[in-house]
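# Summary of the model geometry
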Amino acid sequence: MKYLIIADIHSNLEALQAVLEDAQNYGGFGNVWCMGDVVGYGPDPSACIKLLKQLDPLCVSGNHDLAAVGKIDIADFNSDAARANRWTSGQLSDEDREFLLMLPEVIVEDDFTIVHGSPRMPAWEYIAYSFTAADNFKYLTTRYCLVGHTHVPCVFEEEEGMANEGYMSHGDMLALGDKRLIINPGGVGQPRDRDQRASYAIYDSDEHNIFNYRVPYDIAVTQDKMEQAGLPQFLISRLASGI
Ligand code: ZN
């Protein structure tokens, strides 16, 4: 069985559509696992929720999802993120809100724990460095962990209480073995590794591997919608630079 692994869609419908289409080039997928931040930043929160719901995903909540439905305070957000979040809240229908409110913060499925940030602090903590990953292996009860939140595709491998770190590029294959791993598929809707293409992964449970992929999407269309919605300029321009 193949699983589409996605995170940080961030209301970017063009990026999400490109990923769903592109995955067909690699054999498609039976299930979808999503590590949260479905909304926030981008111009299409409702349409992204609707499309994702059709895929019947296993999905956890991210900090932006929680903030959009008032489950956490936006006091900890920077001003652009807070502005976009207030705008997002105003766009949600009752069904959208209900979907976001129902998302759990942690899902355990087979050998995988699925969270937005980290096993230790599911909604908030960024696993950007190997020392953070090493600490988080102590909180992990499964062999593998899928995270999002940093918008950077990478893998951390546990080794004698430490963690080795590796960046994942387009087409890279990760073999799943005995070692414990924390895996980030990168961001669909707002990549931050200087590659502006949407990032995602496909897990093959028969072959025991995960491939990372990148796909271009029509960034100008997303940016135009953001301009029209009056979303912050930095959030608009960063899509083109991938930072
Ligand atoms: Zn995010």
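Heads up: the structure comes first, above all this text.
This text gives an overview of the structure that appears in the document. (Residues numbered from 1 in each chain as written. Predicted model: local features only at pLDDT ≥ 70, side-chain atom pairs only at ≥ 80, totals over all residues. Heavy atoms only, no water.)

### Here we look at the overall build of the protein chain
A count of helical and extended segments in the protein chain gives 8 helices and 12 strands. The C-alpha atoms of the protein chain give 17 Å as radius of gyration, which agrees with the globular expectation for 243 residues (18 Å, within 12%). Every one of the 243 residues in the protein chain was classed for burial, and the buried ones make up 57%. Of the contacts formed within the protein chain by residues at least 6 apart in sequence, a portion of 72% connects residues at least 24 apart. By element, 48% of the accessible surface of the protein chain is carried by carbon and sulfur atoms, the whole surface being about 10,100 Å². If you average the places of the 18 positive and of the 36 negative side-chain charges in the protein chain, the two averages end up 4 Å apart. (Helix = DSSP H or I, 4+ residues; strand = E, 2+ residues; numbered from the N terminus. Rg over C-alpha atoms; globule rule 2.2 N^0.38 Å. Buried < 20%, exposed > 50% of the residue type's maximum accessible area, 1.4 Å probe, protein only. Contact = heavy atoms within 4.5 Å. Areas by Shrake-Rupley, 256 points an atom, 1.4 Å probe, with all protein chains shown as cover. Lys, Arg positive; Asp, Glu negative; His and termini not counted. Charge placed at Lys NZ, Arg CZ, Asp CG, Glu CD.)

### Considering the packing of helix α7 (residues 219–229) against helix α8 (residues 233–241)
Two elements in contact, α7 and α8, have axes whose closest approach is 10 Å; the angle formed by their N-to-C orientations is 180°. As judged from the angle between their axes, α7 and α8 are roughly antiparallel. Along its contact with α7, which presents I219, T222, Q223, M226 and E227, the element α8 presents Q233, L235, I236, S237, L239 and A240. Considered class by class, the residues forming the contact of α7 with α8 number 6 nonpolar, 4 polar and 1 charged. (Axes fitted to C-alpha atoms, helices over the stretch in contact; angles between N-to-C directions. Parallel < 35°, antiparallel > 145°, perpendicular 65-115°, else oblique. Nonpolar A, V, L, I, M, F, W, Y, C, P; charged D, E, K, R; others polar.)

### Considering the packing of aromatic side chains
Within this structure, the stated rule accounts for 11 aromatic pairs. Relative to Y144, the ring of F112 has its centre 5.2 Å away and its plane inclined at 45°; by these criteria the two rings are tilted. Here F112 is found in strand β5 (residues 112–114), whereas its partner Y144 is found in strand β6 (residues 144–146), with 32 residues between them in sequence. Each of the two residues, F112 as well as Y144, counts as buried. An angle of 5° between the planes, with centres 5.9 Å apart, marks the rings of F211 and Y213 as stacked. Members of the aromatic cluster, connected to one another through ring pairs, are Y3, W33, F112, Y144 and Y203. (Phe/Tyr/Trp six-rings, centres within 6.5 Å; stacked < 30°, edge-to-face > 60°.)

### Quick look at helix α6 (residues 130–137)
Buried residues of α6: T132, A133, A134, N136 and F137, and no others. Turning to α6, the residues buried within the fold contact β7 (153–159), β8 (162–167) and β10 (181–185).

### A short note on the sheet that holds β10
The strands making up a sheet are joined through hydrogen bonds of the backbone, oriented either antiparallel or parallel. The 6 strands are arranged β4-β5-β6-β10-β7-β8 in an open sheet whose pairing can be described as mixed. Each end of this open sheet is capped by a strand with a single partner; those strands are β4 (107–109) and β8. Strand after strand, the sheet turns through a mean of 20° between neighbouring axes, direction not considered. One ladder, built from 3 bridges, connects β4 with β5; its direction is antiparallel. Paired with V108 across the bridge in β5 is T113. Each of β7, β8 and β10 touches α6; the most contacted strand, β8, lies at about 125° to it. (Pairing = 2+ DSSP bridges.)

### Considerations on the environment of E125
Within the element layout of this structure, E125 appears in the loop between β5 and α6. Classification of E125 by relative accessible area gives buried; the value is 9%. Note: C-alpha distance between E125 and N136 (11 residues apart in sequence) is 9.9 Å. Contacts of E125, omitting those with residues within four sequence positions, involve G117, S118, R120, T132, N136 and H149. For E125, the side chain forms a polar contact with the side chain of S118, separated by 2.6 Å. Within polar-contact distance, the side chain of E125 engages the side chain of R120 at 2.5 Å. (Polar contact = N/O pair within 3.5 Å; in protein donor to acceptor, adjacent residues only side chain to side chain.)

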